[in-house]
Amino acid sequence: MRLLVVEDDKDLNRQIKSTLEDAGYAVDTAFDGDEGHFLGDTEPYDAVILDLGLPEQDGITVLEKWRREGRNFPVLILTARDRWSEKVAGFDAGADDYVTKPFVTEEVLARIRALLRRAAGHASSELECGALRIDTRSARVTFDGEPIKLTSLEYRLLAYLMHHQEKVISRTELVEHLYDQDFDRDSNTIEVFVGRLRRKIGKDVIETVRGLGYRLASVENSKS
Ligand code: CA
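The model shown is predicted, which means the values in this text are computed figures rather than measured ones.

Here is what the cut-offs are and how they apply
- Residues numbered from 1 in each chain as written.
- Predicted model: local features only at pLDDT ≥ 70, side-chain atom pairs only at ≥ 80, totals over all residues.
- Heavy atoms only, no water.
- Pairing = 2+ DSSP bridges.
- Helix = DSSP H or I, 4+ residues; strand = E, 2+ residues; numbered from the N terminus.
- Axes fitted to C-alpha atoms, helices over the stretch in contact; angles between N-to-C directions.
- Contact = heavy atoms within 4.5 Å.
- Phe/Tyr/Trp six-rings, centres within 6.5 Å; stacked < 30°, edge-to-face > 60°.
- Buried < 20%, exposed > 50% of the residue type's maximum accessible area, 1.4 Å probe, protein only.

**A word on the sheet that holds strand 6 (residues 126–129)**
Right, so step 1: Strands sit in the order 6-7-8-9 across an open sheet of four strands; the sheet is antiparallel. Only two strands of the sheet have a single partner each, and these edge strands are strand 6 and strand 9 (146–148). The mean angle between the axes of side-by-side strands here comes to 25 degrees, regardless of whether they run parallel or antiparallel.
Right, so step 2: Bridge count between strand 6 and strand 7 (residues 132–135): four bridges; the pairing is antiparallel. Paired with Glu126 across the strands is Asp135, a residue of strand 7.
Right, so step 3: The sheet strands contacting helix 6 (residues 152–163) are strand 6, strand 7 and strand 8 (140–143), and the helix crosses strand 7 at an angle near 105 degrees.

Printed below as a string of structure tokens:
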């Protein structure tokens, strides 16, 4: 899952980015409204954290533009503006959630998880596909009850497929959602990660759909 943080306080922006990265997300950052608007307009984010008081363009203006332009990723507003009328204006501009500063990191992480699973059509923080199960709260993965140890990129890949099970996901889509902007992207590395995942969870769990991409298969047991 790939997120965008739009926040002009540089230290806070870095702190949020590193917290989100520790939680397993790929994260891009923007430090003013113009940059934030541009990134949200051109990159396929899974969710965005948006400050309101920003240089160049206010967060509400940025959000309204995205929604007019058809950008439908979930947006969590993170701001010092705590009046009810400001919250109403945020939701009416197209926000999905609203947290006021000072905030508790755990709460923001929980809200992001909720936005991501709802956007993908899931209600529970535990996702299942056959014998495969991931707990998005703890980033823990089990197959047939056995814990599976994954690197953060392997987890990111599997979590993306789990959130979008039953869909065929192209390699391009995976590259766009697993790596941040600064990462040296190469779609061949996706194949490498899929290979490693297959060695850990069994070769039948991730199906290759020729010419299209990958899809999770509901495998009940027998790690192969
Ligand atoms: Ca600000």
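Continuing now.
**As for the packing of aromatic side chains**
Right, so step 1: Counted under the stated rule, the structure contains three aromatic pairs.
Right, so step 2: Measuring from centroid to centroid gives 6.2 Å for Phe91 and Tyr98, while their planes differ by 35 degrees, and the two rings are tilted.
Right, so step 3: Judged by relative accessible area, which is 38%, Phe91 ranks as partly exposed.
Right, so step 4: Centre to centre, the rings of Tyr179 and Phe183 are 4.2 Å apart; their planes meet at 5 degrees, and the pair counts as stacked.

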